[in-house]
Amino acid sequence: MDGDRVEIDGGIMEGGGQILRVSTALSCLLGLPLRVRRIRAGRSQPGLRPQHLSGLEIIRDLCDGKLNGGEIGSTEITFTPGKIKGGTHIADTKTAGSVCLLMQVAMPCVLFAASPSELHLKGGTNAEMAPQIDYTVMVFKPIVEKFNFTFNCDIKRRGYYPQGGGEVVVQMSPVKELSPINLTERGTMTKIYGRAFVAGALPIKLAKDMSAAAVRCIRREIRDLYINIQPVREPDDQAVGTGSGIIIVAETSTGCLLAGSSLGKRGKNADKVGIEAAEMLLQNLKHGGTVDDSLQDQLIIFMALAKGVSRVKCGPITLHTQTAIHFAEQLTKAKFTVTKSEEEDPGNDTYIIECQGMGMINSNL
């Protein structure tokens, strides 16, 4: 059997958990046995961290697969997938590891299951180095549903660094196949909205300060657009621990959603958190693309699986996106091309990612 394993070098390109997420999800979908070596080789703590292990375990459970090397700190795993089944599955990082990254690895798989799925994902909902759950619900969800599927995401409890303790329940029904997407027209900006939140021991004043600072920062560039960033205090029975942060979304006439976000932490001024998110949003708006930096790489696996040609216009291609493309091409028959967009002002760094998808068919339906 070992002769037929796909060999993945987990230390190249982005060199992090994303290689594991893309390759194990595709291994599960395509029934390809996999070996990943040099997992997170260049990181300060190489090998599997709790959230990577939870991601591998949920994939294993989704398809009754076999996982070897699944321990914290392990730098090599082998994975042999079985048949994807629906039903209820639980993944718990037991840390503040991101529930959104667990969702990223599981979602493509359950789309091609035999029956509806309910995923109970536990960990951090608003974690560093990962999309916040608010981003997943406000930006990722409406855009990814253009591939012709829907899902429900219920935030039961929010959890923050360091203890986590959040829980999100995702419900999805399987599909026969995914449709391609064409996101190449930005349109004009119609509104900017968002939420600045505090939880636990923090006063609502911090949320108001984050929101006000963000609005002031945006107003310097964008004068006459409606901006509504709601300050909120998360209800105590729906949040574990103390945390704060902000997400700001710009919506356009063609339904594009681009965002900026930032998390508060001890010793970080609330104004700074608001300004960071506003500056990230303005940066994402500058390049003229239809998706922001955080969404680019999350769309790649769906483009690879879809039937037909998908096109997405974006700013400079991130290393995460290059990595996702590399492994999607290595494991599927999908073909990606990235070209500089000509119609833009030449000073703009705008690109078109085009993908001839493999046209994955759900044989269970």
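Rules of the game
Position numbers for residues start from 1 in each chain and track the written sequence from start to end. Note on the predicted model: pLDDT of at least 70 is required for a residue's local features to be given, and 80 or more for side-chain atom pairs to be given and counted; whole-chain, interface and lining totals, by contrast, use all residues. Derived side-chain values reflect all non-hydrogen atoms in the structure, with water molecules and hydrogen atoms excluded from consideration. A run of DSSP states H or I qualifies as a helix once it reaches four residues; a run of E qualifies as a strand once it reaches two. Both are numbered from the N-terminal end. With the radius of gyration taken over C-alpha atoms, the globule rule is written as 2.2 Å times the number of residues to the power 0.38. Per-residue accessibility, obtained with a 1.4 Å probe over protein chains only, is compared with the maximum for each type, and a residue is labelled buried under 20%, exposed over 50%, and partly exposed between these values. Here a residue-residue contact requires only that any non-hydrogen atoms of the pair lie within 4.5 Å. Shrake-Rupley sampling with a 1.4 Å probe provides the accessible areas, and residues are treated as covered by the protein chains on show and by no other component. In this tally, Asp and Glu contribute negative charge and Lys and Arg positive charge; neither His nor the terminal groups of the chain are included. Lysine's charge is taken at NZ, arginine's at CZ, aspartate's at CG and glutamate's at CD. The disulfide criterion used throughout: a pair of cysteine sulfur atoms within 2.5 Å. Strand pairing is assigned whenever DSSP detects at least two bridges linking the two strands. Structural elements are reduced to axes, namely lines fitted to C-alpha atoms, with helices fitted over the stretch in contact, and the angle between N-to-C directions of any two is expressed from 0 to 180 degrees. UniProt positions are given in the numbering used here, feature names are shortened, and annotations may be inferred rather than shown by experiment. A pair is scored as a salt bridge if a Lys or Arg side-chain nitrogen falls within 4 Å of a carboxyl oxygen belonging to Asp or Glu. Pairs of N or O atoms within 3.5 Å make up the polar contacts considered here, provided that, within protein, one atom can donate a hydrogen while the other can accept it, and that residues adjacent in sequence are counted only when both atoms are side-chain atoms. Think of a 1 Å grid over just the protein atoms. A cavity is a set of points where a 1.4 Å probe fits yet cannot get out, a pocket is an open set with protein on both sides within 12 Å along at least five of seven lines, and lining residues have an atom within 4 Å of a point. Grid points are joined across faces, edges and corners, and a volume is the space filled by probe spheres set on the points. Residues are grouped as follows: Ala, Val, Leu, Ile, Met, Phe, Trp, Tyr, Cys and Pro are nonpolar; Asp, Glu, Lys and Arg are charged; all remaining types, including Gly, are polar. Domain limits in this description derive from either an automatic procedure or a database domain assignment. Given a helix with a known number of residues, its expected span is that number minus one, times 1.5 Å.

A. Local environment of the overall build of the protein chain. Along the backbone of the protein chain there are 8 helices and 17 strands. Compactness check: the protein chain gives a C-alpha radius of gyration of 20 Å against a globular reference of 21 Å for 365 residues, within 12% of the reference. Each principal axis of the C-alpha distribution contributes one length, and for the protein chain these read about 60 × 50 × 40 Å. For the protein chain, buried positions account for 56% of its 365 residues. Pairs at least 24 apart in sequence give 75% of the contacts found in the protein chain among residues at least 6 apart. Surface exposure of the protein chain reaches about 14,900 Å², of which carbon and sulfur atoms provide 50%. Each charge class in the protein chain can be summarised by its mean position, and for the 41 positive and 39 negative side chains these summaries are 3 Å apart.

B. Focus on the state of the cysteines. Using the criterion set out here, one finds 0 disulfides in the structure. The thiol of Cys153 is not disulfide-bonded; the next cysteine sulfur, from Cys100, is found 7.5 Å away.

C. Spotlight on the sheet that holds strand β14 (residues 257-263). With respect to topology, 4 strands assemble into an open sheet ordered β11-β10-β13-β14, the strand pairing being mixed. One side of each edge strand has no neighbouring strand; the edge strands of this open sheet are β11 (227-233) and β14. When strand polarity is set aside, the average angle formed by the axes of neighbouring strands in this sheet is 15°. Note: strand β13 (residues 243-252) against β14, 7 bridges, orientation antiparallel. Within the sheet, the bridge partner assigned to Glu251 lies in β14 and is Leu257. Where helix α4 (residues 133-144) meets the sheet, its contacts fall on β10 (189-199), β13 and β14, and the angle it forms with β14 comes to roughly 165°.

D. Quick look at the pairing of strand β1 (residues 6-9). Burial along β1 is one-sided: the face carrying Val6 and Ile8 is buried and the face carrying Glu7 and Asp9 is not. With 4 bridges connecting them, β1 and strand β2 (residues 34-37) associate as parallel partners. Considered in β2, the bridge of Ile8 is made with Val36.

E. Region of the structure containing the UniProt feature "domain: RNA 3'-terminal phosphate cyclase" (unreviewed entry) in the protein chain. Per the UniProt annotation, the sites labelled "domain: RNA 3'-terminal phosphate cyclase" (unreviewed entry) are residues 13-338. Segment residues 13-338 splits into 34% helix and 27% strand. End C-alpha atoms: 17 Å apart.

F. Focus on the pattern of salt bridges. For the structure shown, the criterion picks out 24 salt bridges. Its salt-bridge partner being Arg38, residue Asp9 comes within 3.1 Å of it at the nearest N-O pair. Of this pair, Asp9 sits in strand β1 while Arg38 sits in the loop between β2 and α2 (50-62), and the two are 29 residues apart along the sequence. Classification of Asp9 as partly exposed rests on a relative accessible area of 29%. Of the residues examined, Arg38 reaches a relative accessible area of 43% and is grouped as partly exposed.

G. Just the environment of Glu251, in detail. When you line up the elements, Glu251 lands in strand β13. Measuring from C-alpha to C-alpha, the distance between Glu251 and Pro231 comes to 19 Å, with 20 residues separating the pair along the chain. Apart from residues no more than four positions distant in its own chain, Glu251 is found in contact with Thr188, Met189, Thr190, Lys191, Tyr193, Cys256 and Leu257. Among the polar contacts made by the side chain of Glu251, one reaches the side chain of Tyr193 at a distance of 3.0 Å.

H. Looking closely at the layout of surface pockets. If you add up the space inside the largest pocket, you get close to 1,200 Å³. Forming the boundary of the largest pocket are 38 residues, of which Ala127, Glu128, Met129, Ala130 and Pro131 lie nearest the centre. Those elements that provide at least two residues to the lining of the largest pocket are α1 (17-30), α2, α3 (99-110), β14, α6 (270-286) and α7 (293-305). Split into classes, the residues belonging to the lining of the largest pocket amount to 11 nonpolar, 18 polar and 9 charged. Residue-level mapping places the lining of the largest pocket at the junction of two domains, with at least three residues from each of domain 1 (6-183 + 291-358) and domain 2 (189-287). Taken as a whole, the second largest pocket spans an internal volume of roughly 520 Å³. Contributing to the lining of the second largest pocket are 21 residues, with Thr242, Gly243, Gly264, Lys265 and Arg266 lying nearest its centre. Of the residues in the lining of the second largest pocket, the class split is 9 nonpolar, 8 polar and 4 charged.

I. Quick peek at empty space enclosed by the protein. Under the definition given, this model contains 3 cavities of 30 Å³ or more. Of the volumes computed, that of the largest cavity is approximately 140 Å³. Val22, Gln104, Asp297, Gln298 and Ile301 are, among the 14 residues lining the largest cavity, the residues nearest its centre. When contributions to the lining of the largest cavity are tallied by element, the ones reaching two or more residues are α1, α3 and α7. Sorting elements by how many residues they give to the lining of the largest cavity places α7 first, with 5 residues. Here the lining of the largest cavity is composed, by residue class, of 9 nonpolar, 3 polar and 2 charged.

J. α3, seen in detail. If you check α3, its first and last C-alpha atoms are 16 Å apart, about what 12 residues at 1.5 Å a residue would give, namely 16 Å. The buried count for α3 comes to 12 of 12 residues, which makes it a mostly enclosed element. Within α3, burial applies to Val99, Cys100, Leu101, Leu102, Met103, Gln104, Val105, Ala106, Met107, Pro108, Cys109 and Val110. Residue Ser98 occupies the N-cap position of α3, its side-chain oxygen lying 3.0 Å from the main-chain nitrogen of Cys100.

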